[in-house]
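An overview of the molecular structure
Each chain, letter by letter, is given below.
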Amino acid sequence: MEKGKVDLHVHTNFSDGTFTPAQTVEKAKELGFRAIAITDHDALDGIDAAAQEGKKLGVEIIPGVELTAYYNKAEIHILGYYIDYKTQWFRKKMEEFCRDRIKRAERILEKLREYDIDLNMEELQLLKGHGFLGRLHIANLLKMKGHVKSLGEAFERFIGDYKPCYIPKIAMAPREAIEMVLKVKGIPVFAHQALTQRDGIIPDLVKHGLMGIEVYHSEHSAQNSRYYQKIAQKHNLLETGGSDCHGLGKGEVLMGKVSVSYEVVEKLKELKRKLDEQR
Ligand code: AMP
Ligand code: ZN
Ligand code: FE
Ligand code: FE
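Residues numbered from 1 in each chain as written. Chains lettered and ligands numbered in written order. Predicted model: local features only at pLDDT ≥ 70, side-chain atom pairs only at ≥ 80, totals over all residues. Heavy atoms only, no water.

**Considering the overall build of the protein chain**
Within the protein chain, the secondary structure is distributed over eleven helices and eight strands. In terms of overall dimensions, the protein chain has a C-alpha envelope of 55 × 40 × 40 Å along the principal axes. Buried residues in the protein chain amount to 53% of all 279 residues. In the protein chain, the proportion of contacts linking residues at least 24 apart, taken out of those at least 6 apart, comes to 70%. By element, 48% of the accessible surface of the protein chain is carried by carbon and sulfur atoms, the whole surface being about 12,900 Å². Each charge class in the protein chain was averaged separately, 43 positive and 41 negative side chains, and the resulting centres sit 2 Å apart. (Helix = DSSP H or I, 4+ residues; strand = E, 2+ residues; numbered from the N terminus. Buried < 20%, exposed > 50% of the residue type's maximum accessible area, 1.4 Å probe, protein only. Contact = heavy atoms within 4.5 Å. Areas by Shrake-Rupley, 256 points an atom, 1.4 Å probe, with all protein chains shown as cover. Lys, Arg positive; Asp, Glu negative; His and termini not counted. Charge placed at Lys NZ, Arg CZ, Asp CG, Glu CD.)

Shown next as structure tokens:
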């Protein structure tokens, strides 16, 4: 029997998406999703707002987060599902990451000035999601001001990983990100692997508690998905998937492009039950 479709990777304007949590849930309803996971970068306050709207519209909301780690200069993103997001120390940690992001954005703007691009913090603050400021906001401002023709060009020429105006965020190792998710009883999943291509670290991350791989993603080709499905099977990891929708933050609305069966949510819930039992 068809159980319904879900999107396990969605951003709201509490990080660098452009839709409010309510708008995000409305979109999910319109597209026929049974459930979506709210996975803002370093931010948790979109979850309750989405859950409230979800209750009204009959869309189940899975609490989540997306953390950034670094490995051999590559940005590794770790998703955490069913995290206990009310945990005080965890909330403090996310606030610390967001404060660091504001300082980092100031440093990126300084770098851009070396290229005769003068953007100011006030303009950037108008685009930002609540307390969160990221490169996608800077890319959108660069485009709005006519310094680049596309978001891709902004990343390619200036702010993409290790491009001339790149400044890293607080450096966490992938293991630490996984441990952090586990400490708040969440399920750690390696996000959009094909974009980072650091497959070599998977066995070590599995040892440290990694439980899933995001096999399906808007930027994964069918071939990428087949490849990561095999890796997931080899390590007995959960195969998840999501659109990584940022509202209009990436130019187009990605929700609807990728979905997985609600069966994946049932498996996540089973893992969560096991984590909650370990005390
Ligand atoms: P940050 O967490 O501030 O470093 O920004 C990461 C955000 O930038 C994520 O939403 C990424 O998907 C986005 N991003 C990174 N590289 C690119 C790129 N080349 N084109 C478009 N978006 C990108
Ligand atoms: Zn993002
Ligand atoms: Fe990501
Ligand atoms: Fe994401």
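**Describing the side chain of D7**
Locating D7 in the fold gives a position in strand 1 (residues 5-10). Apart from the residues within four sequence positions on either side, D7 is in contact with F33, A35, I36, A37, G241, G242, S243, M255 and V258.

**Some details on the sheet that holds strand 8 (residues 260-261)**
Sheet strands pair via backbone hydrogen bonds, and the direction of the pair is either parallel or antiparallel. The mixed open sheet is built from eight strands, whose spatial order is 7-6-5-4-3-2-1-8. Each edge of the open sheet is held by one strand with a lone partner, namely strand 7 (238-242) and strand 8. Here strand 3 (residues 60-71) pairs with strand 4 (residues 74-81) via eight bridges, running antiparallel. Residue pairing across strands places L67 opposite I78, the latter belonging to strand 4. Sheet strands touched by helix 7 (residues 174-183): strand 3, strand 4 and strand 5 (187-190). Its angle to strand 3, the strand with the most contacts, is close to 155°. (Pairing = 2+ DSSP bridges. Axes fitted to C-alpha atoms, helices over the stretch in contact; angles between N-to-C directions.)

**Focus: the site of ligand 1**
Contacts to ligand 1 come from D16, H41, E75, R101, R104, G134, R135, F155, K169, H246 and K250. Between D16 and ligand 1, the recorded distance is 3.2 Å, taken from a side-chain N or O atom to an oxygen atom. Between K169 and ligand 1, the recorded distance is 2.4 Å, taken from a side-chain N or O atom to an oxygen atom. Bound to the protein, ligand 1 loses 77% of the 500 Å² it would expose on its own. Here ligand 1 occupies the largest pocket. Classifying every residue of the shell around ligand 1 by side-chain character gives one nonpolar, three polar and seven charged. (Near = heavy atom within 4 Å. Polar contact = N/O pair within 3.5 Å; in protein donor to acceptor, adjacent residues only side chain to side chain. 1 Å grid on protein atoms, 1.4 Å probe; cavity = no way out; pocket = protein on both sides within 12 Å on 5 of 7 lines; lining within 4 Å. Sits in = over half its atoms within 2 Å of the grid points. Nonpolar A, V, L, I, M, F, W, Y, C, P; charged D, E, K, R; others polar.)

**Here we look at the pattern of salt bridges**
One pass over the structure, following the stated rule, counts 20 salt bridges. Across the pair D204 and R175 runs a salt bridge whose closest N-O atoms are separated by 3.6 Å. Pair noted here: D204 is in helix 9 (residues 202-207) and R175 is in helix 7, with a separation of 29 residues, a long-range link. K257 is paired through a salt bridge with E252; the nearest N and O atoms lie 3.3 Å apart. Since its relative accessible area comes to 52%, K257 is described here as exposed. A single salt-bridge network, built from bridges that share partners, covers E75, R135, D161 and K169. (Salt bridge = Lys/Arg side-chain N within 4 Å of Asp/Glu carboxyl O.)

**Section: empty space enclosed by the protein**
One pass over the structure, following the stated rule, counts one cavity of 30 Å³ or more. In this structure, the largest cavity spans a volume of roughly 80 Å³. Forming the boundary of the largest cavity are D42, T68, F97, D100, R101, K169, I170 and M172. Counted by class, the lining of the largest cavity contains three nonpolar, one polar and four charged residues. (Points joined across faces, edges and corners; volume = space filled by probe spheres on them.)

**Brief notes about the domain arrangement of the protein chain**
By the assigned domains, the protein chain splits into domain 1 (5-85 + 173-278) and domain 2 (94-159). Inter-centroid distance (C-alpha atoms) of domain 1 to domain 2 is 24 Å. If you look at the interface, domain 1 gives 16 residues, while domain 2 gives twelve residues. Of all residues in domain 1, F14, D16 and D42 give up the largest surface area on contact with domain 2, accounting jointly for 41% of the area buried on that side. (Domains from an automatic or database assignment. Buried area = accessible area lost by both parts, 1.4 Å probe.)

**So, helix 1 (residues 21-30)**
Helical periodicity: at 3.6 residues per turn, an α-helix aligns residues three or four positions apart in one direction. Along helix 1, the positions that sit buried rather than exposed are P21, T24, V25 and A28. The buried residues of helix 1 occupy an angular sector of 95° when projected down its axis, which confines them to one face. On its buried face, helix 1 sits against strand 1, strand 2 (33-38), helix 2 (46-57) and strand 3. (Arc of directions from axis to C-beta.)

**Points about the environment of H41**
With respect to the secondary-structure elements, H41 resides in the loop between strand 2 and helix 2. When the C-alpha atoms of H41 and S15 are compared, they prove to be 5.7 Å apart, with 26 residues separating the residues in sequence. In this structure the side chain of H41 is engaged in a polar contact, spanning 3.3 Å, whose partner is the side chain of D16.

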